[in-house]
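Results of the structural survey
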Amino acid sequence: QVQLVESGGGLVQPGGSLRLSCVASGLTFSTYAMSWYRQAPGREREVVARISTSGGNTFYADSVKGRFTISRDNAKNTVYLEMDSLKAEDSALYYCYGWANNRDYWGKGSLVLVSS
């Protein structure tokens, strides 16, 4: 049974920081490229960041470039999203996503609210 479980979301003030974690089980994590997506009310789901299987290559949406950092620890079956200098427009439900061998899986999401 494959599971992706996000954690670390919550309420933070503008300019603050949060680190999201996603722990995978039931799959060979090191063979899966991983991504973070987010979706805000009234908006389409968008990719925030991607990381290759080894962690050697990353991609960031223009809206978060320079503020967010994606990383992974294959020994812990975990992918992280460090979010700094948060803005109100970063508020969304953040999803962990993994794909490999024509299979893909979604986590259930972790809510991030950026508000004073």
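Just above sits the structure.
First things first, this report covers the structure right here in the doc. (Residues numbered from 1 in each chain as written. Predicted model: local features only at pLDDT ≥ 70, side-chain atom pairs only at ≥ 80, totals over all residues. Heavy atoms only, no water.)

Here's the deal with the overall build of the protein
Definition in use: For helices the rule is a DSSP run of H or I covering at least 4 residues; for strands it is a run of E covering at least 2, with both sets numbered from the N terminus onward. Taken over C-alpha atoms, the radius of gyration is set against a globule rule of 2.2 Å times the number of residues to the power 0.38. Think of it in three bands: with a 1.4 Å probe and only protein chains considered, a residue is buried below 20% of the maximum accessible area for its type, exposed above 50%, and partly exposed in between. Between two residues, a contact is recorded if the distance between any of their heavy atoms is within 4.5 Å. Accessible surface area values rest on a Shrake-Rupley calculation with a 1.4 Å probe, where residue burial reflects the displayed protein chains alone. Positive: Lys, Arg. Negative: Asp, Glu. His and the chain ends are not part of the count. Note that the charge is assigned to NZ on lysines, CZ on arginines, CG on aspartates and CD on glutamates.
Each helix and strand in the protein was counted, giving zero helices and 11 strands. Shown N-terminal to C-terminal, the secondary structure of the protein runs as helices and strands in the order β-β-β-β-β-β-β-β-β-β-β. At 13 Å, the protein has a C-alpha radius of gyration in line with the 13 Å of a compact globule built from 116 residues. Considered along the principal axes of its C-alpha atoms, the protein spans approximately 40 × 25 × 25 Å. The buried share among the 116 residues of the protein stands at 42%. Sequence separation of 24 or more characterises 53% of the internal contacts of the protein that already satisfy a separation of 6 or more. Accessible area for the protein stands at about 6300 Å²; split by element, carbon and sulfur atoms hold 44% of it. Here the protein holds 12 positive side-chain charges and 10 negative ones, and the gap between their average locations is 4 Å.

As for the sheet that holds strand β8 (residues 78-83)
To keep things clear, this is the line we draw: Pairing between strands is defined by DSSP: at least two bridges between the two strands are required. Lines fitted to the C-alpha atoms define the axes, with helices restricted to the stretch that makes contact. Angles between their N-to-C directions range from 0 to 180 degrees.
On the basis of which strands lie adjacent, the open sheet formed by four strands has the order β1-β3-β8-β7 and antiparallel pairing. Each of the sheet's edge strands pairs with one partner strand only, and the pair in question is β1 (3-7) and β7 (68-73). On average, each strand axis in the sheet is inclined to that of its neighbour by 15°, with strand direction left out of account. Across six bridges, the pairing between strand β3 (residues 18-25) and β8 is antiparallel. If you follow Val23 over to β8, its bridge partner there is Thr78.

Quick word on the state of the cysteines
How we decide: The disulfide definition used here is simple: a pair of cysteine sulfur atoms within 2.5 Å.
Applying the stated criterion across every chain yields a total of one disulfide. Note that Cys22 is cross-linked by a disulfide to Cys96, the S-S spacing being 2.1 Å. Residues Cys22 and Cys96 share a disulfide whose torsion about the S-S bond is about -80°; that sign makes it left-handed. In this pair, Cys22 sits in strand β3 while Cys96 sits in strand β9 (residues 92-100), placing the two residues 74 residues apart along the sequence. As far as the burial class goes, Cys22 and Cys96 line up, both buried.

Notes on the pairing of β1
Only one face of β1 is covered, namely the face carrying Leu4 and Glu6; the face carrying Gln3, Val5 and Ser7 is uncovered. Sheet analysis places β1 next to β3, joined by five bridges and oriented antiparallel. In the strand pairing of β3, Val5 is matched with Val23.

Remarks on unusual backbone geometry
Its identity as a non-glycine residue notwithstanding, Ser85 has a phi of 50°, on the positive side. Assignment of secondary structure puts Ser85 in the loop between β8 and β9. Even without being a glycine, Asn101 presents a positive backbone phi close to 50°. Mapped onto the elements, Asn101 comes out in the loop between β9 and β10 (103-106).

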